[in-house]
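# Coordinates in review
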Amino acid sequence: MKDSFSTLYSVIVPTLVVACNVAVAAQGPTYKIGRTPTQQELRFADAAIRPDGQGLPPGSGTAEQGALIFSVRGCAGCHGPTGAEGPAPLLVTSRDPGQAGRGTVHHEGVGGFAGRGVRNWPFAPLIWSFINRSMPLNQQGYLTANEVYGLVAFLLERNEIIKKGEVMDAKSLAQVKMPGHDNYAPPPSVEWTPGLRQREIGK
Amino acid sequence: MASKGSSRRRFLTGGGAALAGLAVGVRSADSQTPTAQSASPEIPRAETAKPAVVPPGVVGPGAKDIMPYGERSRFVAAVRTRHTMIGNMDMHRDPNGFDASSPIDQMVGILTPAPLHYVSSHGNAPPDIDPAAHRLVISGMVDRPLEFTLEDLKRLPAVSRIHYIECIANSPSRRERTLEQLHGMIACSEWTGVSLSLLLKEAGVKSGATWILAEGAEPTKHGNSIPMGKAMLDVIVAYGQNGEPVRPQQGYPLRLVVPGFEGKAHVKWLRRITVVERPYVTYWEQSHYMNTARVKERYFWEQGPKSVITFPAGEQRLPGPGFYNISGLAWSGGGAVRRVEVSTDGGRTWTDAELLEPIRRMALTRFQSPWTWRGGEAVLQSRCTDEAGQVQPTAAEHGNFWGGARTPHGNPIQPWRVTNEGLVLNAL
């Protein structure tokens, strides 16, 4: 009797434990509300691009092509004939260093917001991402991938970050090192938990 | 018409005797009821009778019908103040895209009426979103990508909590004068919606996923990276604000509410949550909100403890010596406000203020402290301590921490100087 019980337990208990573990790990849906988008729907045309360039689509462009797009696609209408005039945020700014030296970029830069330009952005692929997602204002989706690559090449060349004639594509754009990259705080090395601020400041 | 007329006739005929003597002299407009006209006393009817008191603007040609959606008294004039200092942020040049402060000097309690909630929309006008067409998509590193309609979300178990939202730029400076200019980019609401953690569990977060990227549907598509630890803790996908649908300027139909985090994290017009493995550093994060490497505080997002006296406060004037109830607001991204101290002598002595209920985590908390002004100069200030023991810094401590740079994330103690004449000035 006793033997059969212990045999039974030795089988049941581990089985239960394993079953519980599987149930927790699988994280099945509880409410089953919401629909499954198709793969096609999930291929967002305006998806955010990772700072290291992951997610950049095929296509390419040069500064020369970008200069033409900048004028014919209406960019110059808001940002000025060469991107350095405004009134919309300035895209081409001087090489004057120290624009990202103290505090946050929020309050840095000659002329505040206007002075930052894209040259102070830490990651080049994000210029592609922003133009693709948000420009021209209220006409998002109007530019092709090639046109966006051309515009990014144009802005990088005008800011003296790449050379004339360099072709920007998913690979080369990811390799462009922005001048202000090292001025920025890197992503946090610790996982966020409540009270992180206090612990960090207390150091 | 016919049935209405006949039922009235029945009423008048049947009840005529009982009502004799009432309402004599009111002329009947109903000439088609001979019974009433000849014998019975005339009864005032809803269509013709005038109420004793007529609120202005309610009746007459061009009058607004205020019954369906009530209005405040015409004697109440608190309005938001448009910000002009952030010129280039209005990249849109859209007159409907603006930044505005809440009139916190004229508010009582802790809740901000939705139409007075501060606005910071990066120059975007609120998109005109049809709720029936709006979708929230959860994708990225999940087992089951999901798309929710607003109706889907309302079928799920709800949460409702009171939380403040404060703009990252609500940082006081010496240049500003009024309370609104100095501290007005803050508001507090009851937010109702679905726990983000519930939605993420429905989608099944894959191992290795440590961040989410939340995105809005406005033209510039504001996005913000939020650590997974926070996303799974207490974040709300809100469809309700103070008992109503979220206001368009606050993100209708969906707003992410990230309690205690900087305002930029509370993504409006929420349309997409992508589960990822690192912060994505979107446009606004990198161009405006990233800290530079020299600064000790980097990616915290959690706001520090803060308080401000809202009466007496900047540019207000005390009519003369006597008793005043010092009143103010305190809050912290670190949890509930545990203590607020008030000093009326420039910081030499501090006394505990009374905290008014309700006291909620990551919510505005109202405090008050009795004060008798005996005339002469005085400096009033308040100091907040939160449940984690964090204490609001002085301006000097704050400046020291930030290396002297003017920064967002500002939570220094706000001193108000009361002059001999009773004028209250910013004494930062």
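Residues numbered from 1 in each chain as written. Chains lettered and ligands numbered in written order. Predicted model: local features only at pLDDT ≥ 70, side-chain atom pairs only at ≥ 80, totals over all residues. Heavy atoms only, no water.

### Considerations on the pattern of salt bridges
Going through the model one piece at a time under the given rule, you end up with 21 salt bridges over all chains. B:Arg271 serves as the salt-bridge partner of A:Asp46, at 3.0 Å between the closest nitrogen and oxygen. Pair noted here: A:Asp46 is in the loop between helix 2 (39–42) and strand 1 (60–61) and B:Arg271 is in strand 13 (residues 270–276), and the two residues belong to different chains. This pair shows no difference in class: A:Asp46 is buried, exactly as B:Arg271 is. Here B:Glu277 ties to A:Arg50 by a salt bridge, and the two come within 2.1 Å at their closest N and O atoms. You can see B:Glu277 sitting in the loop between strand 13 and helix 7 (283–289) and its partner A:Arg50 sitting in the loop between helix 2 and strand 1, one on each of two chains. (Salt bridge = Lys/Arg side-chain N within 4 Å of Asp/Glu carboxyl O. Helix = DSSP H or I, 4+ residues; strand = E, 2+ residues; numbered from the N terminus. Buried < 20%, exposed > 50% of the residue type's maximum accessible area, 1.4 Å probe, protein only.)

### Some details on the confidence of the model for chain A
Averaged over all residues, the pLDDT of chain A is 76; the fraction at 70 or higher stands at 70%. When the criterion is pLDDT under 50, residues 97–115 of chain A qualifies, and its contacts beyond four places in sequence or with other chains add up to 58 contacts. (pLDDT = per-residue confidence, 0-100. Contact = heavy atoms within 4.5 Å.)

### Quick notes on the packing of aromatic side chains
Counted by the stated rule, this structure contains 6 aromatic pairs over all chains. Aromatic side chains A:Trp128 and A:Tyr149 sit 5.4 Å apart centroid to centroid with 50° between the ring planes, which places their arrangement in the tilted category. Here the residue A:Trp128 occupies a position in helix 6 (residues 125–134), and A:Tyr149 occupies one in helix 7 (residues 145–158), the gap between them amounting to 21 residues. Given a relative accessible area of 3%, A:Trp128 falls into the buried group. Both rings, one in B:Phe311 and one in B:Tyr324, keep their centres 6.2 Å apart while their planes meet at 50°; by these two values the pair is tilted. One end of the pair, B:Phe311, is in strand 14 (residues 306–311); the other, B:Tyr324, is in strand 15 (residues 322–331), and 13 residues separate them in sequence. Classification of B:Phe311 by relative accessible area gives partly exposed; the value is 30%. Counting every residue linked through ring pairs, the aromatic cluster contains B:Phe311, B:Tyr324 and B:Trp371. (Phe/Tyr/Trp six-rings, centres within 6.5 Å; stacked < 30°, edge-to-face > 60°.)

### Looking at empty space enclosed by the protein
All names here are of chain B. Under the counting rule described, the total for this entry stands at 7 cavities of 30 Å³ or more. Its volume calculated, the largest cavity comes out at about 200 Å³. Looking at the largest cavity, it is lined by 18 residues, and the ones nearest its centre are Ser120, His122, Gly263, Lys264 and Lys268. The residue makeup of the lining of the largest cavity, split by class, is 7 nonpolar, 7 polar and 4 charged. (1 Å grid on protein atoms, 1.4 Å probe; cavity = no way out; pocket = protein on both sides within 12 Å on 5 of 7 lines; lining within 4 Å. Points joined across faces, edges and corners; volume = space filled by probe spheres on them. Nonpolar A, V, L, I, M, F, W, Y, C, P; charged D, E, K, R; others polar.)

### Here we look at the sheet that holds strand 18 (residues 354–355) of chain B
Residues and elements named next belong to chain B. Ordered in space as 14-15-19-18, the 4 strands form an open sheet in which the pairing is antiparallel. Strand pairing shows two members of the sheet lacking a second neighbour, strand 14 and strand 18, which therefore form its edges. Where strand 15 and strand 19 (residues 365–373) come together, 9 bridges link them in antiparallel fashion. Note on strand 19: the bridge partner recorded for leucine 329 is arginine 366. (Pairing = 2+ DSSP bridges.)

### Observations concerning the environment of B:Gln250
All names here are of chain B. With respect to the element layout, glutamine 250 can be found in the loop between strand 11 (244–245) and strand 12 (255–257). Considered as a pair, glutamine 250 and proline 126 are 124 residues apart in the sequence and their alpha carbons are 8.2 Å apart. Ignoring anything within four residues of it in the chain, the contact list for glutamine 250 reads His117, Tyr118, Val119, Gln241, Arg255 and Lys268.

### Let's talk about the domain arrangement of chain B
All names here are of chain B. Taken domain by domain, chain B holds domain 1 (15–26 + 79–301) and domain 2 (306–426). The partner domain 2 presents 31 residues to the 36 residues of domain 1 that form the contact. Both sides together, the interface formed by domain 1 and domain 2 hides about 2,700 Å², and carbon and sulfur atoms give 58% of it. Per-residue buried area on domain 1 facing domain 2 is highest for Ile110, Tyr164 and Leu179; these three make up 20% of the total on that side. Across the contact surface, domain 1 and domain 2 share 2 salt bridges. Here lysine 306 makes a salt bridge to glutamate 166, at a shortest N to O gap of 2.6 Å. At the surface where domain 1 touches domain 2, the tally comes to 13 residue pairs in polar contact (both at pLDDT 80 or more). Put simply, the parts of the chain that give the side of domain 1 that touches domain 2 at least two residues each are strand 6 (159–166), helix 4 (179–183) and strand 7 (186–195). It is strand 6 that contributes the most residues to the side of domain 1 that touches domain 2, 4 residues altogether. (Domains from an automatic or database assignment. Buried area = accessible area lost by both parts, 1.4 Å probe. Polar contact = N/O pair within 3.5 Å; in protein donor to acceptor, adjacent residues only side chain to side chain.)

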